[in-house]
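Coordinates in review
Spelled out from the first residue to the last, the chains are:
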Amino acid sequence: MDSFAQIRLKAYKRLLQMHFESGVGHIGGNLSSLDTLLVLYHQVLQKDDLFILSKGHSAGALYVALWSLGRLTEGDLKSFHGEKTLVSGHPAPKWSSDILFATGSLGHGFSLAAGVVLAKKLKKEPGRVFCLMSDGEWQEGSNWEALIFSVKKELGPLALVIDWNGLQGFGRTQDIGGLDPFAEKLRALGMPVEEMDGHDPIALEKALNRPYPALRTLIAHTHKGRGVSFMQDKMEWHYKPLTEPLYRQALEEIEKLQGGAS
């Protein structure tokens, strides 16, 4: 059986391949969130748990995480973003039990997650709910409404995981929306907050699996385009596709970054 480090390396390389072959962008945010998704699916999610990908741009990372478990096939990934594909650029629902909602428009995943948790509570169903969000999504008013509602209703167990890479479609998140001091804002409204390195699998696993019956936020500090020198922390890789020379360079750099991991 492959070690987690081997799974991680294969997943990074397969993500790059999928985006290169399809000619599709949004690679930067996929690379910032892939570690969180791999830890969730390999080390955290249990039978009764549910996951919602709010940052729909990172659908590629979700598909690769599912592929790494054998829940999607090579054929599925080959059809990414293609004609009549189920593996679309943003998650489409009702074809996979792992994809509960369409999350093409950012800013409503938290509201959906809150509804799922409330339904579980009313039906007395077991299991936790995890929702992966972006930092830029918190410029959407719907998230603050969902926060007020969730705290008031004492919803849980619900973990919001924020992929805090500091960049969004038009620049740095702080320059556009002025979220800081973000954690303090959440705490002031009654939300427990924990921060960690979003590229440290051990830290992620400990935080995600920590028993907690209520609502909480985990801020995963990450890098857009993580591990690829020409892409890391560069806003334009929210959009740009890979040329073949850049794809080959990215593979080499990912191999060097993670190849010695065990």
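First, a word on what this report is: a plain description of the structure on this page. (Residues numbered from 1 in each chain as written. Predicted model: local features only at pLDDT ≥ 70, side-chain atom pairs only at ≥ 80, totals over all residues. Heavy atoms only, no water.)

As for the environment of Leu-45
Mapped onto the elements, Leu-45 comes out in the loop between α2 (27–44) and β1 (50–53). Residue classification places Leu-45 among the partly exposed residues on the basis of a relative accessible area of 22%. Separated by 82 residues in the primary sequence, Leu-45 and Gly-127 have C-alpha atoms spaced 9.3 Å apart. Not counting chain neighbours up to four residues away, the residues in contact with Leu-45 comprise Leu-40, Leu-50, Phe-51 and Phe-130. (Helix = DSSP H or I, 4+ residues; strand = E, 2+ residues; numbered from the N terminus. Buried < 20%, exposed > 50% of the residue type's maximum accessible area, 1.4 Å probe, protein only. Contact = heavy atoms within 4.5 Å.)

With respect to helix α6 (residues 141–152)
Two residues of an α-helix separated by three or four positions point the same way, owing to the 3.6 residues in each turn. Here α6 spans 17 Å end to end across 12 residues, near enough to the 16 Å set by a 1.5 Å rise per residue. For α6, the full list of buried residues reads Asn-143, Ala-146, Leu-147 and Ser-150. Angularly, the buried residues of α6 cover 105 degrees about the axis, an arc narrow enough to put them on a single face. Away from its buried face, by an angle of more than 90 degrees, α6 presents the exposed residues Glu-145, Ile-148 and Lys-152. (Expected span 1.5 Å × (residues − 1). Arc of directions from axis to C-beta.)

Side note on unusual backbone geometry
Following Gly-156, the chain continues to Pro-157 via a peptide bond in cis, the omega torsion being 0 degrees. Within the secondary structure, Pro-157 sits in the loop between α6 and β3 (158–164). Of note, the bond from Asp-180 into Pro-181 is cis; its omega dihedral lies within 30 degrees of zero at -5 degrees. Topologically, Pro-181 is positioned in the loop between α7 (173–177) and α8 (182–188). Phi is positive for Lys-124, close to 55 degrees, though the residue is something other than glycine. Looking at where Lys-124 falls in the secondary structure, it is placed in the loop between α5 (109–123) and β2 (129–134). Located in the positive-phi region is Glu-154, a residue other than glycine, with phi close to 55 degrees.

Brief notes about the nonpolar core
Residues Leu-16, Phe-51 and Leu-208 are the most contacted members of the largest nonpolar core, which totals 50 residues. With 25 residues, the next largest nonpolar core counts Val-116, Met-133, Phe-182 and Val-193 among its residues. (Core = buried A, V, L, I, M, F, W, Y, C linked by side-chain atoms within 4.5 Å.)

Examining the pairing of β3
Counting buried positions along β3 gives 7 out of 7 residues, so the element sits mostly inside the fold. Residues Leu-158, Leu-160, Ile-162 and Trp-164 line one face of β3 and the alternating positions Ala-159, Val-161 and Asp-163 line the opposite face, and both faces are buried. Where β2 lies against β3, 6 bridges are found, and the strand directions are parallel. Of the residues in β3, the one forming a bridge with Phe-130 is Ala-159. Between β2 and its parallel partner β3, the chain crosses via α6, and the hand of that crossover is right-handed. In this structure, β3 lies alongside strand β7 (residues 215–221), joined through 7 bridges in parallel fashion. Across the sheet, the residue bridging to Ile-162 is Ile-219, located in β7. (Pairing = 2+ DSSP bridges. Right-handed = clockwise from strand over helix to strand, strands pointing away.)

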